[in-house]
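One-letter residues, chain by chain:
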Amino acid sequence: MITPENILSHELVGLDAQIVSSVNRDLVGLNGTITDETKSMLKLYTTRGPKSAPKEGSRWRLVTEGGDALVDGSLISKRPYDRIGAKWPRT
């Protein structure tokens, strides 16, 4: 089960996401379902169609089965298969 505590070690595709803060003010509030992930981008399906947003420089709210997780984009700014296999320090 994906929870806020283990979100960094899981696949993000399929989760609902929202940008809560960003260096690009135009992205704040963008929300939708994650449809694809690359090293530096998350692709969302929104009510206005597909959108891409950079991971780096944004703070994301990800909705998991165990509750919402606030994640700094720099922590997930890796290739998905590198992030999933990585060991993370306890916070």
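All values reported here derive from a predicted model rather than from experimental measurement. Per chain, residues are indexed from 1 in the order of the written sequence. Local features are withheld for residues below a pLDDT of 70 in this predicted model, meaning they are given only at 70 or higher, and side-chain atom pairs are given and counted only at 80 or more; totals for whole chains, interfaces and linings count all residues. No hydrogens and no water enter the side-chain calculation; it runs on all heavy atoms of the structure.

Engineer: Honestly, the overall build of the protein in this entry has me stumped. Any pointers?
Structural biologist: Helix and strand assignments come from DSSP, with helices taken as H or I runs of at least 4 residues and strands as E runs of at least 2, each series counted from the N terminus. Along the backbone of the protein there are one helix and six strands. Along the protein, helices and strands appear, N-terminal first, in the series β-β-β-β-β-β-α. C-alpha atoms define the radius of gyration, and 2.2 Å times the number of residues to the power 0.38 defines the globule rule. Taking 2.2 N^0.38 as the reference for a compact globule, 91 residues should give roughly 12 Å; the C-alpha atoms of the protein span a radius of gyration of 12 Å, in line with that estimate. Projected onto the principal axes, the alpha-carbon positions of the protein cover approximately 35 × 25 × 20 Å. Think of it in three bands: with a 1.4 Å probe and only protein chains considered, a residue is buried below 20% of the maximum accessible area for its type, exposed above 50%, and partly exposed in between. When each of the 91 residues of the protein is scored for burial, the buried share is 34%. By the convention used here, residues are in contact when the closest approach between their heavy atoms is within 4.5 Å. Considering only intrachain contacts with a sequence separation of at least 6, the fraction spanning at least 24 residues in the protein is 43%. Residue-level accessible areas treat just the shown protein chains as cover; the underlying method is Shrake-Rupley with a 1.4 Å probe. Element-wise, carbon and sulfur atoms account for 51% of the exposed surface of the protein, whose accessible area totals about 5,600 Å². Charge-centre separation for the protein: the mean point of 13 positive side chains lies 4 Å from the mean point of 11 negative side chains. Think of it this way: Lys and Arg go in the positive column, Asp and Glu in the negative one, and His and the chain ends go nowhere. In this description, the location of a charge corresponds to atom NZ of lysine, CZ of arginine, CG of aspartate or CD of glutamate.

Engineer: Teacher, can you tell me more about the nonpolar core here?
Structural biologist: Nonpolar side chains tend toward joint burial in soluble globular proteins. Of all hydrophobic cores here, the largest spans 18 residues; its most connected members are Ile7, Leu12, Ile34, Trp60, Leu62, Val71 and Ile76. When residues of this core are traced back to their parent elements, those giving at least two are β1 (16-22), β3 (41-46), β5 (58-64) and β6 (67-72). Among the buried residues, those of types Ala, Val, Leu, Ile, Met, Phe, Trp, Tyr and Cys that are joined through side-chain atoms within 4.5 Å form a nonpolar core.

Engineer: Looking at this structure, how should I read the side chain of lysine 55?
Structural biologist: Looking at the element boundaries, lysine 55 is found in the loop between β4 (49-54) and β5. For lysine 55, a relative accessible area of 0% corresponds to the buried category. Within polar-contact distance, the side chain of lysine 55 engages the side chain of glutamate 37 at 2.8 Å. The definition of a polar contact used here is a pair of N or O atoms within 3.5 Å, where within protein one atom must be able to donate a hydrogen and the other to accept one, and adjacent residues in sequence count solely through side-chain atom pairs. Engagement of the side chain of lysine 55 in a polar contact is seen with the backbone oxygen of lysine 78, the distance being 3.2 Å.

Engineer: What is the right way to read the sheet that holds β5 from this model?
Structural biologist: Overall, antiparallel pairing links the six strands, which are arranged β4-β3-β2-β1-β5-β6 in an open sheet. Looking at strand neighbours, the two that pair on one side only are β4 and β6, the edges of this open sheet. When the angles between neighbouring strand axes are averaged without regard to direction, this sheet yields 40 degrees. Here three bridges tie β1 to strand β2 (residues 31-37), and the two strands are oriented antiparallel to one another. Looking across to β2, one finds that aspartate 16 is bridged to threonine 33. By the convention used here, strands pair only if DSSP detects at least 2 bridges between them. An axis is simply a line fitted to the C-alpha atoms; with a helix, the fit covers only the stretch in contact. Between two such axes, the angle follows the N-to-C directions and lies from 0 to 180 degrees.

So far we have only geometry, and geometry alone does not tell us how the molecule works.
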